Amino acid sequence: MANSTAPTPATPGALVDPLLNHGAAFTQPERDELGLTGRLPSRVLTLEQQAQRAYQQLEAQGSDLAKNVYLEQLHDRNETLYYKILGEHLVELLPIVYDPTVGEAIEKYSHEYRRPRGVFLSIDQADAMEKAFSTLQLGPEDVDLIVCTDAEQILGIGDWGVGGIQISVGKLAVYTAAAGIDPHRVIAVSLDVGTDRESLLKDPLYLGNRHRRVRGADYDAFIEKYLRTASSMFPRALLHFEDFGPSNARRILETYGGTYRIFNDDMQGTGAITLAAALSAVKVSGVPMRDQKLVVFGAGTAGVGIADQLRDAMIRDGASPQQATAQVWLIDRQGLLTRGMPDLRDFQRPYLRDPAEVAGWAADGGAISLLETVRQVEPTILLGTSTVHGAFTRQVIEAMAAGTERPIVFPLSNPNSRIEAMPADIIAWSKGKALIATGIPVPPVEYDGVTYRIAQANNALLYPGLGLGTIVSGASTVTAAMLLAAAQAVADQVDLTQPGASLLPPVASLRESSEVTAAAVVKAAVGEGVATSTSADPAQAVHQAMWEPVYVGGAA
Ligand SMILES: NC(=O)C1=CN([C@@H]2O[C@H](COP(=O)(O)OP(=O)(O)OC[C@H]3O[C@@H](n4cnc5c(N)ncnc54)[C@H](O)[C@@H]3O)[C@@H](O)[C@H]2O)C=CC1
Ligand SMILES: CC(=O)C(=O)O
Ligand SMILES: [Mg+2]
């Protein structure tokens, strides 16, 4: 049969644009005004009725990935409705649109693909960057936030090339659901520099650049061009960096942090939320922050970002810089990191141990294991940012519990397949003594008559409030004092009076918690002199800035 040349009937714009679409909730006058007469079933629904229907459809999906795909389709159809059901079911749906299910969506991106969301910037067409942003038709005042990734270290699952766009999309969804960042004023970006994952390079359906990662001077020039272009086209925007590889994450922040309004979530956001959990745990354990001994298992972007923040907290609590640094031990693939080892990274250097100090720790003269380090050091805090599932064995936890009364154990690796140990095991092995926070959401654990609520030390519990405070204050940079204010504000919201209490506020109260955190960040930005917009009442300014999922007249 010959293809028809007749034009396809046009779908009216108000039904196509997810930011404008109200679907069956368009009122009769709106339908007339927007050219929708006869293009919708006659009944006009409320947003609440639409949300009820969409939630029923969602619940009928057979798997978490299917739910993620359903929600993304809704996101692409009607953003107000998407955020309505996300906000109403945040505890249930955060793990679907974000960690851990987003990891699966990223792995399957090229196969589950329906339609694009965000801006795809290719290193092979670096000169088209400005043109690509221009297609959004947004002016210099119109953008508050851009989340970008080059996807080299997605969560704990490694390099996923262009599929990483979904982490930018997921992080933005959390910003809006958790802190009311206006979804009309944000952009998700993929910086496609290629991928080193063989399975993607061989996959005929892979949607990204089918070549290896570009590194070196060309990569650096591409990042610099992105920073220049994004910040000159959208000077108000906070530039959030997510899931870059360890060699680039810190370098980009350190090179450009003083010049551009950059935030590295894996280093700064993770460091701050872990500090908040540690502040709570220290209150319970009774060991002062200045005396904490920290073993980091997995000394990459997140692990050393956290070590830096905890070391600074020890210094603020009275330890000398030298003492605080000496109270941190890093373990990576080579075992305990000591001076003179090959393949060390610059950012690990402050914490390297003297080989003489640890001589004899390795039974066979080889690598010094986690277990041996725990036995020798008797740490008070054990941090997992290694992506090694099961690395915190019973022996490790028992050794830790033998050395300290209330061991603080934070297995932070995501997603579920990467966590270093499950809380139920850590609680049983430590006989209920461990103070725990994880990256993934974990249900409460019953042990010996106590209900242990497990804090989710995922940067999602902090970065939305930090971002909102940065946007409301118009801060020119994200300073250490703003990060500290956010961590302290999160920690201050925790009630630790009950045995087994969570070390962090629950996801159920994330929106309220983000509002409080944002006000503290605004005050810190003003105090630091980096705010460009001031208000007599920061809490009120934050409250007013928060977007709500409601239909605003016509197709607004
Ligand atoms: N809870 C949270 O908010 C966050 C959690 N993370 C999690 O932390 C993990 C690491 O993420 P990044 O720091 O971005 O990655 P990264 O690649 O920078 O760091 C991982 C480190 O673990 C080391 N490692 C791998 N195998 C090891 C082994 N067998 N023994 C010891 N060390 C080993 C690697 O060499 C690397 O230095 C991921 O699972 C990620 O999901 C990261 C950011 C935030
Ligand atoms: C939570 C997060 O940012 C990560 O796992 O990379
Ligand atoms: Mg991340």
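Named according to an unreviewed UniProt entry, the protein is Putative malate oxidoreductase [NAD] originating from Streptomyces malaysiensis subsp. samsunensis.

Engineer: What is the right way to read the site of ligand 2 from this model?
Structural biologist: Within the structure, ligand 2 sits among Tyr98, Leu155, Lys171, Glu242, Asp243, Asp265, Asp266, Asn414, Asn458 and Asn459. Taking Glu242, its side chain carries an N or O atom lying 2.9 Å from an oxygen atom of ligand 2. Here Asp243 contributes a side-chain N or O atom positioned 3.0 Å from an oxygen atom of ligand 2. For ligand 2, whose free accessible area comes to 220 Å², the fraction covered by protein is 89%. Its residues assigned to classes, the shell around ligand 2 comprises two nonpolar, three polar and five charged.

Engineer: In this structure, what is going on with the site of ligand 1? I would like to understand it.
Structural biologist: Close contacts around ligand 1 come from 26 residues, with Gln153, Thr301, Ala302, Asp332 and Asn459 the closest. Separating a nitrogen atom of ligand 1 from a backbone N or O atom of Ala457 is a distance of 3.0 Å. The separation between an oxygen atom of ligand 1 and a polar main-chain atom of Asn459 is 2.8 Å. Computed on the free molecule, ligand 1 has an accessible area of 840 Å², of which 91% lies beneath the protein chains in the complex. Looking at the shell around ligand 1, the elements with two or more residues in it are helix H14 (265-285) and helix H15 (301-316). In terms of residue class, the shell around ligand 1 is built from eight nonpolar, 14 polar and four charged.

Engineer: Mind showing me how you'd approach the pattern of salt bridges here?
Structural biologist: For side chains of opposite charge, pairing can occur when their charged atoms come near one another. Under the definition given, this model contains 28 salt bridges. One salt bridge in this structure joins Glu372 and Arg375, with 4.0 Å as the shortest N-O distance. One end of the pair is Glu372 and the other is Arg375, both in helix H17 (residues 370-377) and three residues apart, which spans about a single turn. Glu548 is the salt-bridge partner of Arg511, the closest N and O atoms lying 3.7 Å from each other. Residue Arg511 is found in helix H22 (residues 510-528), and its partner Glu548 is found in the segment after helix H23 (538-545); the two are separated by 37 residues along the sequence.

Procedures and definitions
Note that residues are indexed from 1 along each chain, following the sequence as it is written. In the order they appear in the text, chains get letters beginning with A and ligands get numbers beginning with 1. Residue-level local features of this predicted model are given only where pLDDT is at least 70; pairs of side-chain atoms are given and counted only at 80 or more, and the full residue set underlies all totals for whole chains, interfaces and linings. Computation of side-chain values covers all heavy atoms of the structure but excludes hydrogens and water. Here a residue is near a molecule or strand as soon as one of its heavy atoms is found within 4 Å of it. N or O atoms closer than or at 3.5 Å make up a polar contact, with two conditions inside protein: a donor-capable atom paired with an acceptor-capable one, and, for residues adjacent in sequence, both atoms drawn from side chains. Only the protein chains shown count as cover for residues, and all accessible areas are computed by the Shrake-Rupley method using a 1.4 Å probe. Any residue outside Ala, Val, Leu, Ile, Met, Phe, Trp, Tyr, Cys, Pro, Asp, Glu, Lys and Arg is labelled polar, Gly included; the first ten of those are nonpolar and the last four are charged. Helix numbers and strand numbers start at the N terminus; a helix is a DSSP run of H or I with at least 4 residues, a strand a run of E with at least 2. For this analysis, a salt bridge means a side-chain nitrogen from Lys or Arg found within 4 Å of a carboxyl oxygen belonging to Asp or Glu.

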